[in-house]
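# Analysis of the macromolecular model
Listed below, chain by chain, are the residues.
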Amino acid sequence: MCSAENKSMISVKYNKMTFEYSDMKTVRAEIRKLLASDNKPSEIIVNVPAGTYSSADFVFTAEDCSEDTKIIYQAEGEVIVTAGIQVSKDQWKDPDEKMSARFSPEALPHIKMISLSDFGMTQDDWGKYEVAIGTSNTSKRYDDGVQGCNNGFFTGGKRMTKARYPNGEYDFLEDVLEQGELDKNVRNPYGGSYRISRRTAERIKKWADPNKAWMYGYFAHDWADGSTPVEIDIYNRIVYPKYVAWGGANIDKHFTPFFCFYNVPEELDSEGEWYLDRETGNIYFWAFDGSENAEFYYKADSLLDCKNVVNMEFRGFTLIGTAGAAITATGKNLILDKLVIKNIEEWAIIAQGTDITISNCDISHTGKGGINVKGGDRATLTHSNNRITNNYIHNFAEVFKTYQGGIVANGCGHKIDHNEVCYAPHAAMSMGGDENIAEYNYIHHAVMLSKDAGTIYCGGQWTSRGSVWRYNLISDIGDEGWFPSGIYFDDGMSGQTAYGNIVLNVRGLGFLCGGGREHTIINNLIVNCGSGFVYDSRMYDGFNGQNSFWERAVSHDGPGSMWSTLRDVPYKDEFLASKYPLRAKMTSFAESDPKSPDCPCTPAYSRVAGNVVIKVNYTHEYDPGLAYKIDDPVYEYSTVENNVFYETLEEGGWDEVNRVLRDDSPVYKDIPGFERIPIEEIGRK
């Protein structure tokens, strides 16, 4: 079929000819025929006209592409790909009489209802049970733990919160009576018991069915969130979580578990809350002001699904709403450009392969993280050549609130540059593996709900080498009561180079190295942070029995220890040893002399030089007001030199408006050769 004018048709261009088709299914079928022919075109361009399309329209496999043909799918106008249902305001109902009795008189006039059965849906669609949330939930350890994806509900394009108490904040446990069974080898472990406050118990007395409530929170650490069904003994103020908390619940001088209850219809009492009655399929909600529609996402379909594809490009599409990830992709020579991705229950993009470019995308309002890529071969140091560039990633990790980075890259040879990542409860960016680069990124307003966490974060890899973090701006990190780090190389993370970064206005530590080795940390600016720079010897101390139980455990051989991960990489093989000879000298557990620089636990062969700390604010809980805190073994086994500290912004010559050192800053005299950081090059282009 050939035409030139019909704009509602999908046009396919190749060999200077244009063909038009009515639907994506036909387009894919015709392209498959072309690719199976003897005369494959070198390029095929598919222009998709404005409109709304189903996730089923954008499923591609190896049959839909060829190494000999570049295939470009591009949007003409606003092309929306979505899953789920949209319900306009004129289809909303008043709540039924039975449920109306459970809502407060003040809230009832604002609450509307949608019956999913009116749209042909059944319980198989919306699910009989809730799915646990939180990165550290333990539902997989239970025979009846429900796995899968959560339903998403939005009004006016904004994520709704399941009816909860307290609204917009957290309650605190009064006591932990029993931690529960913490042995990870135990199936269906006992969840433990917690005591709640009298005020909270009085609130629960108003609930008709408190044992259908769920509890979400941080029970052992402020970096481990999870949820669980509960049974509640109101009169004794005891909560019995079904799922044991990861790491056990814990109250100490540094941490009190904080939580909320959700899935409680009586708590549907403010704008932006909703409740799904899983028996009837009725949704009750208080829509955001001005909303003209509601959206319900229940399918875990990827909106763009690419399996083992090659030489494909997707440009200009808007991907809105799925209970799964917006894009899942494997393959090579794949370009994802100028995409808008929002209102997603899991990750925006999960990609694995080589020569993948993700560029110029606007990603927001995801339940988990932003972009997650894997690729390259650490055993041969084969680079993935994947690139993540010039993306705006914001307001992510809205449901799973820890370790769901805006950008996460693992493997070898990724490049992450000129992105802006912001507004997140936990870490913004992470790289694992070898020879990755993150440069010219602007990261701000992250780690807003954690203390022991980093904005740029990586950890637990003794064998990592050759990765570089340079010319990144990290600013305005943490929130009231939360004192995280700007850059955090955690738990023995090794082989990182950090050069020319600006760490600004961080409530906690500007820079934290957690006991690793072979780091190069030079020419960084740490300005107006709670504390400055810390390089501790936690693995060394743990191996020598001088530190906490946890650090002694991971630094001694056994399941889950650092030594078990060391065996995952053939770092002593001839090729890898020639590239990284100091790494090859690392000794096994049985061979290790705790005082030798070649024992992996020793913070050896690092260089910390020419770094600048300007002003500390004395707010960090553990190390208040420190400019530099570098443990003695770091001085003994590594090079630490020519790092300076200035007590005030004026003394350090800091230009607050332009976020640079003034030309007359004493830094340039006190550290000969200190290089100016190109602030004008940082961020999106």
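Treat the numbers as computed from the prediction; the structure is a model and nothing was measured. (Residues numbered from 1 in each chain as written. Predicted model: local features only at pLDDT ≥ 70, side-chain atom pairs only at ≥ 80, totals over all residues. Heavy atoms only, no water.)

Summing up its helical and strand segments, the protein chain has 12 helices and 53 strands in all. In terms of overall dimensions, the protein chain is globule-like: its C-alpha atoms have a radius of gyration of 27 Å, near the 26 Å expected for 685 residues. Along the longest, intermediate and shortest principal axes, the C-alpha atoms of the protein chain span 75 × 70 × 55 Å. Out of the 685 residues in the protein chain, the part that is buried amounts to 59%. A sequence separation of at least 24 residues applies to 66% of the contacts in the protein chain between residues at least 6 apart. (Helix = DSSP H or I, 4+ residues; strand = E, 2+ residues; numbered from the N terminus. Rg over C-alpha atoms; globule rule 2.2 N^0.38 Å. Buried < 20%, exposed > 50% of the residue type's maximum accessible area, 1.4 Å probe, protein only. Contact = heavy atoms within 4.5 Å.)

Within this structure, the stated rule accounts for 42 aromatic pairs. Each ring, one from Tyr-170 and one from Phe-258, has its centre 5.3 Å from the other, and the planes form 75°; the classification is edge-to-face. With Tyr-170 in the loop between β11 (164-165) and β12 (171-172) and Phe-258 in strand β18 (residues 258-262), this pair connects stretches of sequence that are 88 residues apart. Between Phe-296 and Tyr-298, the aromatic rings sit 5.9 Å apart at their centres with planes inclined by 20°, giving stacked as the arrangement. Owing to a relative accessible area of 18%, Tyr-298 belongs among the buried residues under this scheme. Taken together through their ring pairs, the aromatic side chains of Tyr-170, Phe-172, Tyr-216, Tyr-218, Phe-255, Phe-258 and Trp-482 make up a single cluster. (Phe/Tyr/Trp six-rings, centres within 6.5 Å; stacked < 30°, edge-to-face > 60°.)

Per-chain confidence: the protein chain averages 95 in pLDDT, with 96% of residues scoring 70 or above. Taken as a whole, residues 1-6 scores under 50 in pLDDT and shows 9 contacts with residues more than four places along the chain or in a different chain. (pLDDT = per-residue confidence, 0-100.)

Reading across from one edge, β6-β21-β8-β9 is the order of the 4 strands in this open sheet, with antiparallel pairing throughout. Of all the strands in the sheet, just β6 (85-88) and β9 (158-159) have a single pairing partner and so form its edges. Sheet topology places β6 next to strand β21 (residues 293-297); 4 bridges connect them, and they run antiparallel. Paired with Val-87 across the bridge in β21 is Ala-294. (Pairing = 2+ DSSP bridges.)

Along the chain, the position of Thr-200 falls in helix α4 (residues 198-204). Residues Thr-200 and Gly-51, 149 residues apart in the sequence, show an inter-C-alpha distance of 49 Å. Other than its neighbours up to four places away in sequence, Thr-200 contacts Tyr-165, Asp-171 and Phe-261. Only 2.3 Å separates the side chain of Thr-200 from the side chain of Asp-171, close enough to count as a polar contact. Separated by 3.0 Å, the side chains of Thr-200 and Ser-197 make a polar contact. (Polar contact = N/O pair within 3.5 Å; in protein donor to acceptor, adjacent residues only side chain to side chain.)

Among the 6 residues that make up strand β46 (residues 531-536), 6 are buried, leaving the element largely enclosed by the rest of the structure. Direction of pairing for strand β43 (residues 509-514) relative to β46: parallel, over a ladder of 5 bridges. For Gly-514, the partnering residue across the bridge sits in β46 and is Asp-536. Two elements, β46 and strand β49 (residues 628-630), share 3 bridges in a ladder whose sense is parallel. Bridged to Tyr-535 within β49 is Ile-630.

An order of β7-β20-β19-β10 is seen for the 4 strands of this open sheet, with the pairing classed as mixed. Each edge of the sheet is formed by a strand with only one pairing partner; in this case those strands are β7 (112-115) and β10 (161-162). With 4 bridges joining them, strand β19 (residues 273-277) and strand β20 (residues 282-285) adopt antiparallel strand pairing. By the bridge assignment for β20, Tyr-275 is matched with Tyr-284.

So, about the pattern of salt bridges. Inspection of the entire model under this criterion finds 44 salt bridges. Among the ionic contacts, a cluster of salt bridges with common partners joins Lys-70, Glu-313, Arg-315, Asp-337 and Lys-338. (Salt bridge = Lys/Arg side-chain N within 4 Å of Asp/Glu carboxyl O.)

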